[in-house]
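Per-entry structural report
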Amino acid sequence: MQESDSVSVVIPTCNRRSVIDRALVSVLDQTRPPLEVVVVDDGSTDGTHEYLTERYQDHPAVRIIKQPKKGVSAARNRGIRASKGDWIALLDSDDEWRPRKLEKQLAAIADQPEFRICHTDEIWVRQGARVNPKAKHAKSGGWILSRCLAMCVISPSSVLLHRLLLEEVGLFDEELPACEDYDLWLRICSRYPVLYVDEPLVVKYGGHADQLSRTTWGLDRFRIVALEKLLTSESLTTAQRSEVQSTLMTKIEIFAAGAAKRGRTDEVERLRAKQSQWTSALEGVAEVDG
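Notes on the structure in this doc start here. (Residues numbered from 1 in each chain as written. Predicted model: local features only at pLDDT ≥ 70, side-chain atom pairs only at ≥ 80, totals over all residues. Heavy atoms only, no water.)

**As for the pairing of strand E4 (residues 87-90)**
- Across the two faces of E4 the burial is the same, with Trp 87 and Ala 89 and Ile 88 and Leu 90 all buried.
- Note: strand E1 (residues 7-13) against E4, 4 bridges, orientation parallel. Along E4, the bridge assignment pairs Val 9 with Ala 89.
- In this structure, E4 lies alongside strand E8 (residues 160-162), joined through 3 bridges in antiparallel fashion. Residue pairing across strands places Ile 88 opposite Leu 161, the latter belonging to E8. (Buried < 20%, exposed > 50% of the residue type's maximum accessible area, 1.4 Å probe, protein only. Helix = DSSP H or I, 4+ residues; strand = E, 2+ residues; numbered from the N terminus. Pairing = 2+ DSSP bridges.)

So, in structure tokens, the structure goes:
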């Protein structure tokens, strides 16, 4: 492997002792091996760290880092900062890669070296059975900010990112308990096109009781935060800003309606004030641009 093609794989984990081997083996069995695998144990209490330390002590490419529980964003960021490769590949500890995943992504990048982010199609498995994603979850490449606004359309387990890209846009927001990947993809896709390998090279397993989508209520409240952050950046074109603003207003409206239905009057008032504030601010920007 050329040094310019070196890949560091970062795997955050917490209490996944029963499935972490599946993820690690899928990395170690790659036809294009990575430079290293950095596993960050984010405060596991099920013996994950001890198990991994013993099981992979003879694998020089595997490094195990333990930290107090800080969340998946902090775990990913810790792994990225500790890694050495020019490219960062992320893998959730309950997912797995197909054997040629890295090989095919690196080949695609070699053919189109202007890209600094690449993702792939994926297979979904829920509670042991394969399921078909809905049309709204379809993957694509190019300038995909418009498709990223409604929901997360890039899976962390499929992505390959150049280190310089992350140095420019920043790492995962550790203040977000969920939708942290949505936030990062918005920052990246507002500035750069995405390379897409139209082949299912990742198997994503869902249906776990501890998944963030199950344990965290009101995910759109974190998407609202991410959209607000994006609107305060200087990277958006006028057309992008209009799209982001429209999405923000829609999500505020939907979330406010949900809060009203549940009798959360204070939350409704806060959201309405936020909506008014952003409308005024963005009207002022439009007048200046005009």
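**Considerations on unusual backbone geometry**
- With a phi close to 55°, Asn 15 is a non-glycine residue in the positive phi region.
- By relative accessible area, Asn 15 is classed as partly exposed at 33%.
- Even without being glycine, Gln 127 reaches a positive phi, approximately 55°.
- Inspection of the secondary structure puts Gln 127 in the loop between strand E6 (117-126) and strand E7 (129-131).

**Concerning the packing of aromatic side chains**
- Using the criterion set out here, one finds 1 aromatic pair in the structure.
- With 6.4 Å between their ring centres and 75° between their planes, Phe 172 and Trp 185 make a pair best called edge-to-face. Of this pair, Phe 172 sits in the loop between helix H6 (163-169) and helix H7 (180-189) while Trp 185 sits in helix H7, placing them 13 residues apart in sequence.
- Residue classification places Phe 172 among the buried residues on the basis of a relative accessible area of 5%.
- Under the relative-accessibility criterion, Trp 185 is labelled buried at 1%.
- Over the aromatic face of Tyr 182 sits the side chain of Arg 223, whose NZ or CZ is 5.8 Å from the ring centroid. (Phe/Tyr/Trp six-rings, centres within 6.5 Å; stacked < 30°, edge-to-face > 60°. Lys NZ or Arg CZ within 6 Å of the ring centre and 35° of its normal.)

**What about the packing of H7 against helix H9 (residues 220-231)?**
- Interhelical geometry of H7 versus H9 gives an angle of 25° and a closest axis separation of 9 Å. The angle between the axes of H7 and H9 places the two elements in the roughly parallel class. The chirality of how H7 crosses H9 is right-handed. On the side of H7, the interface is formed by Tyr 182, Asp 183, Leu 186 and Arg 187, while H9 contributes Arg 223, Ala 226, Leu 227, Lys 229 and Leu 230.
- Its residues assigned to classes, the contact of H7 with H9 shows 5 nonpolar, no polar and 4 charged. (Axes fitted to C-alpha atoms, helices over the stretch in contact; angles between N-to-C directions. Parallel < 35°, antiparallel > 145°, perpendicular 65-115°, else oblique. Left-handed = near helix turned anticlockwise from the far one by under 90°. Contact = heavy atoms within 4.5 Å. Nonpolar A, V, L, I, M, F, W, Y, C, P; charged D, E, K, R; others polar.)

These figures capture arrangement, not role.
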